[in-house]
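Listed below, chain by chain, are the residues.
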Amino acid sequence: TIVAVWGKWAQNSWAREQQYLATLWDLNEAEKDRSQRADFSGSVRPSHVDRNITELHYDGKRKTLRMSVSWLITVSFCCVDFFFVVTWLNLWDGKMNQLAGIVHALIVQVFTQVFNLLAEGLTDAENHQFQSDYYDSYLAKNFIFQFVNQYMGFFFLTIKQQYTKDGCGDQDCVGMLRKHLQTTLVTLVIVQAF
């Protein structure tokens, strides 16, 4: 009976904790914010539900075009970022030092700040009708870009470094990556503090 009581208590505690976190992180699908954005623009047409009520509608083809252009710009910016980071890392040809890590962190921070402004403008230009759709689009753009911006330099170092002329000093690519990662993260913390 002790195990049964404990099992029921653990199950109830877990369900309560799960519901609390879902509410805290706004993950309840039923409670999604389906309010119309004030910035939404469209043409006034009769509602599909009740012809006596008028609603704002936006043409599906134009929305698709705006979304496509927005994502094309996002992917292009990711490519530019990747090009800058790879070019910077290739300049050192396997002889990475602390200066390379510091400048890499500054490149990451500058691209992050520029893209934060760009992502907001792109998401505004997509003309989302509902606030939840706006947030989802903004977060998707930021997730894709931040993955490229924050991690691709380290992936590139991990994969490419061992094949350079000098290789990984003392055959320790992980050690080299660890030093570069430490320098980069400390620099990012210092830059973000100001």
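Scope of this entry: the structure provided in the associated data block. Chains are numbered independently. Their residues run from 1 in the order of the written sequence. Local features in a predicted model are, by the rule used here, given only for residues with pLDDT of at least 70; side-chain atom pairs are given and counted only at 80 or more, and totals for whole chains, interfaces and linings are based on all residues. Hydrogens and water molecules were not included; the side-chain quantities draw on all heavy atoms of the structure.

## Some words on the overall build of the protein
The helix count covers DSSP runs of H or I at least four residues long, the strand count covers runs of E at least two residues long, and both are numbered beginning at the N terminus. The number of helices and strands found in the protein is 5 helices and 2 strands. Counted from the first residue to the last, the protein has its helices and strands arranged as α-β-β-α-α-α-α. The principal-axis extents of the C-alpha atoms in the protein amount to approximately 75 × 65 × 35 Å. Any residue under 20% of the maximum accessible area for its type is buried, any over 50% is exposed, and the rest in between are partly exposed; the area is computed with a 1.4 Å probe on protein chains only. Burial statistics for the protein: of 194 residues in total, 31% are counted as buried. Within the protein, residue pairs in contact and separated by at least 24 positions form 63% of the contacts whose partners lie at least 6 positions apart. In what follows, residue pairs with any heavy atoms lying within 4.5 Å of each other are defined as contacts.

## Focus: the nonpolar core
If you look at the biggest cluster of nonpolar residues, it comprises 17 residues, and the most contacted ones within it are Trp 88, Leu 89, Met 96 and Phe 145. Breaking this core down by element, the ones donating at least two residues are helix H2 (60-91), helix H3 (98-125) and helix H4 (131-160). Ranked by the residues each element gives to this core, the list is headed by H2, at 6 residues. Setting aside residues up to four positions removed in sequence, Met 96 forms contacts with Leu 89, Leu 157 and His 180. For this analysis, a nonpolar core means a set of buried residues of the types Ala, Val, Leu, Ile, Met, Phe, Trp, Tyr and Cys, connected via side-chain atoms within 4.5 Å.

## Some words on the packing of aromatic side chains
Each pair of aromatic rings taken from Phe, Tyr and Trp, with Trp reduced to its six-membered ring, is defined by centres within 6.5 Å and is described as stacked if the planes are under 30 degrees apart, edge-to-face if over 60, and tilted in the remaining cases. This model, assessed by the stated rule, comprises 9 aromatic pairs. In textbook terms, an aromatic cluster arises when at least three aromatic residues are bridged by ring pairs, as seen for Phe 77, Phe 83, Phe 84, Phe 111, Phe 115 and Phe 145.

## A closer look at the packing of H3 against helix H5 (residues 173-193)
Running from N to C, H3 and H5 cross one another at 50°; their axes reach a closest spacing of 8 Å. Taken together, the axis directions place H3 and H5 in an arrangement best described as oblique. As for how H3 packs across H5, the hand of that crossing is right-handed. The residues of H5 that touch H3, namely those facing Gln 98, Ala 100, Gly 101, Ile 102, His 104, Ala 105, Leu 106, Val 108 and Gln 109, are His 180, Thr 183, Thr 184, Thr 187, Leu 188, Val 191 and Gln 192. Residues that form the contact of H3 with H5 fall into these classes: 7 nonpolar, 9 polar and no charged. With axes taken as lines fitted to C-alpha atoms, and helix axes fitted only over the stretch in contact, angles between N-to-C directions fall between 0 and 180 degrees. Any angle from 65 to 115 degrees is called roughly perpendicular, while one under 35 is roughly parallel, one over 145 is roughly antiparallel, and all others are oblique. Crossings are assigned a handedness: left-handed for a near helix turned anticlockwise from the far helix by less than a right angle, right-handed for a clockwise turn. Residues are grouped as follows: nonpolar covers Ala, Val, Leu, Ile, Met, Phe, Trp, Tyr, Cys and Pro; charged covers Asp, Glu, Lys and Arg; every other residue, Gly included, is treated as polar.

## Some words on the pattern of salt bridges
Side-chain pairs of opposite charge can arise where the charged atoms are in close proximity. What counts as a salt bridge is simple: a side-chain nitrogen of Lys or Arg found within 4 Å of a carboxyl oxygen of Asp or Glu. The full count for this structure, using the stated rule, is 1 salt bridge. One salt bridge connects Glu 126 with Lys 141, and the closest N-O pair in it is separated by 2.6 Å. A residue pair is termed long-range when its members are at least 10 positions apart, and Glu 126 in the loop between H3 and H4 and Lys 141 in helix H4 qualify at 15 residues. Across the pair, exposure class does not vary: Glu 126 and Lys 141 are buried alike.

## Thoughts on the packing of H4 against H5
Running from N to C, H4 and H5 point in directions that differ by 160°, and their axes come no closer than 11 Å. Judged by the angle between their axes, H4 and H5 are roughly antiparallel. In the crossing of H4 with H5, the sense of the turn from one axis to the other is right-handed. Residues Gln 150, Phe 154, Leu 157 and Thr 158 of H4 form the contact with H5, whose participating residues are Leu 177, His 180, Leu 181, Thr 184 and Leu 188.

Functional significance is not addressed by these values, which are geometric in nature.
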